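# Coordinate inspection notes
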Amino acid sequence: MKNITARLRPGIKPRKPYGLLAYLRDHYLLYLMLIPGLFFLIVYKFLPLYGITIAFKDYSIFAGSNPIDAIAKSPWVGFKHFDRLFSSSQFVKVLLNTLIINGYKILFLFPIPIICAIMLNEIRNVAYRKLAQTAIYVPYFFSWVIVFGIFYSLLGTYGIVNSALAALGQERISFFSDTNVFRGLLVFTEGWKEIGWNTVIYLAAITAIDPTLYEAARVDGAGKLRQIWNITLPGLAPTIVLMLILKVGYILETGFEQILVFYNATVYDVADVIQTYVYRMGLGQADFSLGTALGLFNSVVAFILIVGANTVCKKLLHRSIW
Amino acid sequence: MQLRKRNKVNGISLSTSEKVISVISYIFMGLLALCAILPILHVVSKSFSSASAVTSGSVLFWPVKPQFETMKYVLEETPFLNALKNSLLVTGIGTVISMLVTIGTAYPLSKPDFKGRKFFIMAYIVSMVFFGGIVPAYMVVRTLKIIDTYIALILPFFIVHFNMFVVKNYFEGLPESVEESARIDGASDMRILVSIVCPMSKPVLATVAMLYAVNYWNNYFHAMMYTTSTKMQTLQVFIYNTINNTQTLVERLVIGNYTNVSIDGIIAAVVVLSLIPIVALYPFVQRFMVHGITIGSVKG
């Protein structure tokens with residue numbers, strides 16, 4: 001019985017000393033369970049960390065018996081590839097594109113789901129609300145390729161939008177190759193795919209707000225706008241802050257697959273981001289060392305951002321991202 | 001109607017501002033719902049419309065001069081079915097494997113007295129926040145000689161750290177007393193996990209399984225990077241290639257003498273066909289995903 005109380009209250013140590021060996025004998029199954037996951041970590045997460053040395057070598061994929069062996073056999077060249085990278089105009093361009101595109105996305109798309117959730121919450125007709133809610137997040141489950149296919153249908157040269165423009169005597173717009181509208185297309189399609197889902201997240205947070213607060217406010221004569229301003233928004237604040245921190249923390253990660261699917265050579269100038277450039281250089285053009293160098297730069301900045309985001313999260317919200 | 005009813009019940013009249021907010025909400029959310037649904041309806045209509053209607057741009061949200069030739073063309077003349085098979089296999093097998101690994105990892109790590117817990121958790125956090133990069137990961141996959149196999153398509157999502165942490169946090173929140181009484185009855189760790197912990201965690205496990213399935217099904221980047229042959233193409237790669245290689249489509253249309261099939265029609269049909277599994281599972285997805293959000297917002 002003592003043992004049980006100890007387990008229930010982690011602060012109190014059990015009276016009988018419980019050695020490591022005895023623990024392993026009793027719970028070896030727990031360790032066996034961990035093996036597949038650890039195998040994955042070593043192969044797909046930690047082995048690539050060793051692969052980072054490619055950035056500091058003149059890597060030739062055929063230098064060894066296999067691509068990993070080739071890393072050890074390739075000669076060290078220090079920061080040569082980083083010099084090459086940081087002195088190229090491409091580097092500045094992809095860095096700026098990454099920040100601009102994701103900045104636009106946060107600026108234009110971040111507030112919309114909050115407003116939508118508040119509006120959805122104002123709809124009293126349950127059937128109408130359920131229907132609207134179910135409809136708006138359907139696109140969240142589509143892949144970027146599907147979203148691309150759908151928007152190609154709408155905005156392609158002979159798509160519905162251009163047909164309408166032509167019928168009105170306007171010039172057709174090449175949404176997928178015009179550098180003036182391409183970023184707008186990225187922001188818009190991101191919104192189309194994600195707004196509904198984020199709305200549902202905020203809506204879940206609104207439902208968690210104590211309804212008696214509204215009751216009390218009504219008795220005090222507070223109007224709808226007052227209630228939204230003084231109860232709903234403060235109630236949503238932690239979720240809003242968390243979402244914003246996550247958005248900023250993952251600014252280098254997001255949007256990669258979308259751009260990879262949507263872009264083409266004509267819009268590289270405005271749409272090429274760090275990750276797409278890493279992929280195109282590192283694997284497409286087989287400039288492995290440059291690709292790894294830029295990838296490492298990306299990982300280091302992402303690491304700082306994410307750990308920073310987590311620290312802010314812990315300070316402000318007393319919770320960890322993971 | 002609904003508004004008026006509520007007024008009567010409360011016995012207080014709605015102020016003008018409240019009415020305005022309510023009306024705007026109804027209209028705006030209705031429009032937003034249409035924005036989400038109409039493009040899908042448009043693509044569906046296009047896939048069943050005649051070639052002339054599609055190319056002249058007269059198809060809106062209902063098929064014009066309906067035909068099934070485009071669908072027939074996609075099913076019979078393109079590798080669609082093979083790509084579908086690949087996607088189904090990868091998603092099915094991948095989700096099962098990922099769930100087993102995720103549960104097997106989350107359970108030991110959820111036990112506060114598990115020896116080495118801190119070390120293992122640290123290993124997962126480190127590998128979550130620091131990524132080796134696309135090129136090194138590709139080199140590993142090539143070294144393993146699994147390019148162009150199902151294994152390469154499953155490996156990237158074998159265990160998704162975030163999902164594992166969600167499950168682990170949920171396990172930690174379960175009442176310890178239930179597990180403890182089973183232990184007194186002599187149940188092993190495995191038995192406790194299978195017959196007590198997992199059944200108690202059904203909602204979170206269903207949500208995480210859904211997240212994995214969506215990951216596998218929707219993934220384009222890894223599938224594109226790690227496969228080379230048409231035979232191993234997944235649905236997403238196939239759709240992307242179809243949209244971007246219209247030239248080959250034109251040639252095949254001319255050779256095959258498909259007069260009532262258009263390029264834009266084929267693209268629409270491919271998109272529509274690949275939406276079917278998602279739409280079919282949507283009620284299920286919806287139930288668990290929305291539930292998952294509530295779990296997520298409580299547990300993080």
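On a predicted model such as this, the values are computed, not experimentally measured, just so you know.

Analysis parameters
Residues numbered from 1 in each chain as written. Chains lettered and ligands numbered in written order. Predicted model: local features only at pLDDT ≥ 70, side-chain atom pairs only at ≥ 80, totals over all residues. Helix = DSSP H or I, 4+ residues; strand = E, 2+ residues; numbered from the N terminus. Rg over C-alpha atoms; globule rule 2.2 N^0.38 Å. Buried ≥ 20, exposed ≤ 12 C-beta atoms within 10 Å, placed from the backbone. Contact = placed C-beta atoms within 7 Å. Core = buried A, V, L, I, M, F, W, Y, C linked by C-beta atoms within 7 Å. Nonpolar A, V, L, I, M, F, W, Y, C, P; charged D, E, K, R; others polar. Domains from an automatic or database assignment.

Turning our attention to the overall build of chain B. Across its full length, chain B holds 16 helices and 0 strands. Against the 2.2 N^0.38 benchmark of 19 Å for 300 residues, chain B shows a C-alpha radius of gyration of 25 Å, more extended than a compact globule. The buried share of chain B, reckoned over its 300 residues, is 41%. Nonlocal contacts in chain B, meaning residues at least 24 apart in sequence, comprise 73% of its contacts between residues at least 6 apart.

Okay, the overall build of chain A next. For chain A, the helix and strand inventory stands at 16 helices and 0 strands. Structurally, chain A occupies a C-alpha span of about 85 × 75 × 30 Å along its principal axes. Taken over 322 residues, chain A has a buried fraction of 37%. Taking contacts inside chain A between residues at least 6 apart in sequence as the whole, the part at least 24 apart equals 60%.

Counting 146 residues, the largest nonpolar core has Phe148 of chain A together with Met29, Val167, Ile239 and Val271 of chain B as its most contacted members. With residues near it in sequence (within four places) discarded, Met29 of chain B still touches Cys116, Met119, Leu120, Ile123 and Ala132 of chain A. Counting residues in hydrophobic clusters, the runner-up holds 6 residues, among them Leu242, Ile245, Cys313 and Ile321 of chain A.

All names here are of chain B. Residue position: Pro66 is located in the loop between α3 (51-56) and α4 (69-77). Taking the number of C-beta atoms within 10 Å as the measure of exposure, Pro66 has 11 and is therefore exposed. As for Pro66 and Pro156, which are separated by 90 residues in sequence, their C-alpha atoms are 42 Å apart. Setting aside anything within four residues of it in sequence, one finds Pro66 in contact with Phe48 and Ser49.

Attention shifts here to the interface of chain A and chain B. Between chain A and chain B, the contact holds 84 residues from the first and 85 residues from the second. For the side of chain A that touches chain B, the element with the highest residue contribution is helix α2 (residues 20-51) of chain A, accounting for 19 residues. When its residues are assigned to classes, the side of chain A that touches chain B shows 58 nonpolar, 19 polar and 7 charged.

Moving on to the domain arrangement of chain A. All names here are of chain A. The domains assigned to chain A are domain 1 (31-78) and domain 2 (86-102 + 265-322). The centre of domain 1, based on its C-alpha atoms, is set 21 Å off from the matching centre of domain 2. The partner domain 2 presents 5 residues to the 7 residues of domain 1 that form the contact. Class assignment of the residues belonging to the side of domain 1 that touches domain 2 gives a composition of 5 nonpolar, no polar and 2 charged.

What follows is about the environment of Pro36 of chain A. Inspection of the secondary structure puts Pro36 of chain A in helix α2. Separated by 237 residues in the primary sequence, Pro36 of chain A and Val273 of chain A place their C-alpha atoms 34 Å from one another.

Okay, unusual backbone geometry next. Phi at Ala286 of chain A takes a positive value of approximately 55 degrees, unusual for a residue other than glycine. Mapped onto the elements of the fold, Ala286 of chain A is located in the loop between α15 (274-284) and α16 (288-317). On the basis of neighbour counts, which here come to 13 C-beta atoms within 10 Å, the residue Ala286 of chain A falls in the partly exposed class. Positive phi is not limited to glycine here, since Asp148 of chain B has a value of about 70 degrees. Along the polypeptide, Asp148 of chain B turns up in the loop between α7 (134-143) and α8 (150-154).

Our focus in this paragraph is the environment of Met29 of chain B. If you trace the backbone, Met29 of chain B turns up in helix α2 (residues 16-47). For the pair Met29 of chain B and Ala223 of chain B, spaced 194 residues apart in sequence, the C-alpha to C-alpha distance is 36 Å.

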